[in-house]
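Letter by letter, the chains look like this.
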Amino acid sequence: SATVSLYDDLEQLLLSRYIRLKTSPLTRIVQRGVLCAGFNWFSAPTVQRVQDYVIELLMQTVFIHAQTATVCHHYLAAVLSRLLENILQSYLSCLPYIEVFDANGILQMLTDVTFVESVLHDFTTAHSRTLLAAFKLEMRHNARLAALEAEVNAV
């Protein structure tokens, strides 16, 4: 009936707005960590662990998980699945702003993103798998460029 349809539409609108509100700070954490934290992707140190912003990102995600589970457990998987997709999209969006990577920079980026994806693995969707594949493809391209740069510098 029209009332049920209107209710469903309003419910989806509210869910979309909630996801947008929760995505915004997560996107800022990724952008700040990748682009503004002073990490030099071209002369990166040997990878020891995920960077601090990744822990902050996951802590915020835990808070969102707790809030969503408390308010409406029914939407938990939908919310966290969309958040994972949006986080992966944020990483992809940052890549064009990094001019060049060295091998350690590539490894650090892959470590950070892979860790986020593994922690949120239960909420993986077909779209998040596509985004992760696109991210890895872009990183392979950057690895080839880094190898070429190393060859040029060795000559």
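Visitor: Just checking my understanding: could you explain the nonpolar core for this structure?
Guide: The nonpolar side chains of a soluble globular protein tend to be buried, and buried together. Within the largest apolar cluster, 38 residues are counted, with the highest numbers of intra-cluster contacts made by Val34, Tyr91 and Met109. With sequence-adjacent residues up to four places away left out, Met109 is seen in contact with Val34, Trp41, Tyr91, Leu95, Ile98, Phe101, Phe135 and Met139.

Visitor: When you look at the packing of aromatic side chains in this model, what are you seeing that I'm missing?
Guide: The geometry of an aromatic ring pair comes down to the distance between the two centres and the angle between the two planes. If you walk through the whole model with that rule in mind, you get four aromatic pairs. Connected via pairs of aromatic rings, a cluster forms that spans Phe39, Trp41 and Phe101.

Visitor: Can you walk me through the pattern of salt bridges in this structure?
Guide: Close approach of charged atoms allows side chains of opposite charge to pair. Throughout the structure, instances matching the rule amount to two salt bridges. Where Arg32 meets Glu56, a salt bridge forms, and the shortest distance between an N and an O atom there is 3.0 Å. With Arg32 in helix H1 (residues 2-36) and Glu56 in helix H2 (residues 52-72), this residue pair connects regions lying 24 residues apart in the sequence. Arg32 sits in the partly exposed class, given a relative accessible area of 40%.

Visitor: What's the story with the state of the cysteines in this structure? I'm lost.
Guide: Among covalent bonds in proteins, the disulfide is the one between the sulfur atoms of two cysteines. The final tally for this structure, using the stated rule, is zero disulfides. We note that Cys36 lacks a disulfide partner, and the nearest cysteine sulfur, in Cys94, lies 8.4 Å from it.

Visitor: Just checking my understanding: could you explain a nonpolar patch on the surface for this structure?
Guide: There is a patch of nonpolar side chains on the surface, built from Ile55, Met59, Val62, Phe63, Phe115 and Val119 and spanning about 520 Å² of accessible area. In terms of residue count, the dominant contributor to the nonpolar patch is H2 (four residues). Structurally, Phe115 can be placed in helix H4 (residues 103-119).

Conventions used here
Throughout this description, residue numbers start from 1 for each chain and increase along the sequence as written. pLDDT decides what is reported in this predicted model: residues at 70 or higher carry local features, side-chain atom pairs at 80 or more are listed and counted, and totals for whole chains, interfaces and linings draw on all residues regardless. By convention in this description, side-chain values take in all heavy atoms of the structure and omit both hydrogens and water. Put simply, buried Ala, Val, Leu, Ile, Met, Phe, Trp, Tyr and Cys residues joined by side-chain atoms within 4.5 Å make one nonpolar core. Residue exposure (1.4 Å probe, protein chains only): buried if accessible area is under 20% of the type maximum, exposed if over 50%, otherwise partly exposed. In what follows, residue pairs with any heavy atoms lying within 4.5 Å of each other are defined as contacts. Working definition: rings of Phe, Tyr and Trp (its six-membered ring) pair if their centres are within 6.5 Å, and the pair is stacked with planes under 30 degrees apart, edge-to-face with planes over 60 apart, and tilted otherwise. We define a salt bridge as a contact between a side-chain nitrogen of Lys or Arg and a carboxyl oxygen of Asp or Glu at a distance within 4 Å. Elements are defined by DSSP. Helices are runs of H or I of four residues or more, strands are runs of E of two residues or more, and each kind is numbered from the N terminus. Cysteine sulfur pairs qualify as disulfides if the two atoms are within 2.5 Å. Exposure above 30% relative accessible area and the lack of any salt bridge qualify a residue for a patch; like charges then connect within 9 Å, and the nonpolar side chains Val, Leu, Ile, Met, Phe, Trp and Tyr within 5 Å. Each accessible area is a Shrake-Rupley result for a 1.4 Å probe, and residues are judged covered by the shown protein chains and nothing else.

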